[in-house]
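Observations on chain architecture
Residue strings, one per chain:
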Amino acid sequence: MLTSDIVGKLRCNAADPKAGIARGLDTGTTKIGPVWEGDVGDTVDFEALRQRAVHSLFEHLESMCVGAVAVDHTGRIAWMDDKYKALLGVPGDPRGRQVEDVIPNSQLRRVIDSGQPQPLDIMEFDDRSFVVTRMPLFGIDGSIIGAIGFVLFDRAEYLRPLVRKYEKMQEELARTQQELAHERRAKYSFSQFLGASESIREIKRLGRRAAQMDSTVLLLGETGTGKELLAQAIHSASPRASKPFVGVNVAAIPETLLEAEFFGVAPGAFTGADRRHRDGKFQLANGGTLFLDEIGDMPLPVQAKLLRVLQEREIEPLGSNKVVRVDVRIIAATSRDLHALVREKQFRADLYYRLNVVPITLPPLRDRPEDIESIADRILEQLAIQQGTPPRELLESAVQVLRDYDWPGNVRELYNTLERVVALTDAPILTAPHIRSVLPGQHPAGASALPLAPGARPLQEVLHAAERHAIAAALEEANGVKARAAKLLGISRASLYERMVTLGLGATQ
Ligand SMILES: Nc1ncnc2c1ncn2[C@@H]1O[C@H](COP(=O)(O)OP(=O)(O)OP(=O)(O)O)[C@@H](O)[C@H]1O
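Bear in mind that the values here come from a model prediction, so they are computed numbers and not experimental data.

**Brief notes about the environment of Asp72**
- Considering the arrangement of structural elements, one finds Asp72 in strand 5 (residues 67–72).
- On the neighbour-count criterion, Asp72 (18 C-beta atoms within 10 Å) is partly exposed.
- Between the C-alpha atom of Asp72 and that of Leu108, which follows or precedes it by 36 residues, the distance is 9.8 Å.

Set out below in structure tokens:
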């Protein structure tokens, strides 16, 4: 037994087989590690055991790895095992040489300088790469006396799959973060808000003023009049422009999920599948703007919670009893008559007044026919750019047909109508019949109700066209009020939104 510098003794009850370390010591010829002859009796030399462990650990490590080197505190090689010498092709005895002269990319000097181990690294040597681990060596007084390095594998290929997987995950994370940041940036500014009519000029003036204030804005107007576009333009012109713009369509989210969607979920709030923490839209929009579309469709219980958030500027994630402060500017929008909803007790009066700080009403397209030609021209330009073709022109008679139509779906419908005309004809100049052929109720009797070319078509395409047609007809009949259109179609509002998004009919989630 090593008795020289005993620093501690562990008293063991050799008779107790559960007594941890004593278990290995109760045979009388105790062995810990391959060579140590231990004490016989009921005490263990604690320090000797540690020293033995250090020694055997070193031997194990050295035998397992493919090379080892130790340097003194000046970076001179103190020892290099034969395996390492053979691996590197080092002739003679390298002792006394500066480590970098023998191993050019060695980092052992850095380990000496920093006193920090490098548990896992890849070191290049010529055209090979080694997986290495490096540790500082301390003297009895705690000062650094050198460093030791082990080559674990002489080919880093062992780690390559792991490294590649890690790199791929990092790339995916960066890409997703970039996409999210991009998604949460407002895409539109006032210059993209088309129209030169008196009413549109006034709306832009109000919008620019609202951008400079931090007050809540309430956008009112029929579907497709540009409420979301205006909300984005206000955000882009506001001091919050560099922060997120997060849009949420209240009508598109099933009632049961609204609260979680708005306020987020604390970890473990639900049993079952979704136990993780999830940020709500308020948190995602923090510092920026939260656009609450179709606010008129918000269920009363959620209205109460929203009111509290607007008053307190605090939210309480689902399943949490902690409040979180949020700093968001709210822009709400609806195509419904909020006043009437308040009268019918479908919408809380106090919330209405909270939201109605800066109200802006967007006029329907039919009330500003002077805007139709310029908007249509810009849409045709955009379509031409998208398709890489010269822009189509509108004959005056075609413009007149556009002006005469009453556009229940407003600018969105104008966009879709022109897109359909462009898809159906190659004519560079669009005439009145071209326009009439795609406007509801204006194509000649007997013409196909579906804008599909004749002949066999994939079933999916036919079904989608039929669905698009049914939804457009329902929206037209419901004067653009989606809740009513959904009822006519016999589906839920959320399903209508989901279908509109899938079919590219412009609704946002
Ligand atoms: N004044 C405008 N200038 C340019 N594009 C417009 C204008 N108004 C609407 N649009 C376009 O029409 C489409 C519908 O606009 P937006 O989504 O902003 O309308 P909305 O009033 O929010 O509709 P909804 O109530 O159905 O959500 C978008 O493609 C938008 O870019």
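**Side note on the site of the ligand**
- Taken together, 18 residues lie near the ligand, and Leu194, Thr223, Gly226, Lys227 and Val411 sit nearest.
- Secondary-structure elements contributing two or more residues to the shell around the ligand are helix 7 (227–236) and helix 15 (410–424).
- Broken down by class, the residue content of the shell around the ligand amounts to 6 nonpolar, 8 polar and 4 charged.
- Taken together, domain 3 (190–363) and domain 4 (370–502) each give at least three residues to the shell around the ligand, which thus spans both.

**With respect to the sheet that holds strand 7 (residues 118–125)**
- Taking strand neighbours across the sheet as the criterion, the 5 strands line up as 6-5-9-8-7 in an open arrangement whose pairing is antiparallel. Edge positions in the sheet fall to strand 6 (77–80) and strand 7, since each has one partner strand and no second. Within the sheet, the average angular offset between the axes of one strand and its neighbour, ignoring direction, is 25 degrees.
- Sheet topology note: the strand 7/strand 8 (residues 128–138) ladder contains 6 bridges and is antiparallel. Counted as the bridge partner of Glu124 is Ser129 from strand 8.

**Regarding helix 15**
- Here helix 15 spans 21 Å end to end across 15 residues, near enough to the 21 Å set by a 1.5 Å rise per residue.
- What helix 15 keeps buried is the set Asn410, Val411, Arg412, Glu413, Leu414, Thr417, Leu418, Val421 and Val422.
- Buried-residue contacts for helix 15 involve helix 13 (372–387), strand 18 (429–430) and helix 16 (432–436).

**A word on the environment of Val66**
- With respect to the helices, strands and loops of the structure, Val66 is situated in the loop between helix 1 (46–64) and strand 5.
- The exposure class of Val66 is partly exposed, given the 17 C-beta atoms found within 10 Å.
- With 20 residues separating them along the chain, Val66 and Ala86 place their C-alpha atoms 9.7 Å apart.
- With sequence-adjacent residues up to four places away left out, Val66 is seen in contact with Lys83, Leu87, Val151, Phe153 and Asp154.

Thresholds, definitions, all that
- Residues numbered from 1 in each chain as written.
- Predicted model: local features only at pLDDT ≥ 70, side-chain atom pairs only at ≥ 80, totals over all residues.
- Helix = DSSP H or I, 4+ residues; strand = E, 2+ residues; numbered from the N terminus.
- Buried ≥ 20, exposed ≤ 12 C-beta atoms within 10 Å, placed from the backbone.
- Near = placed C-beta within 6 Å.
- Nonpolar A, V, L, I, M, F, W, Y, C, P; charged D, E, K, R; others polar.
- Domains from an automatic or database assignment.
- Pairing = 2+ DSSP bridges.
- Axes fitted to C-alpha atoms, helices over the stretch in contact; angles between N-to-C directions.
- Expected span 1.5 Å × (residues − 1).
- Contact = placed C-beta atoms within 7 Å.

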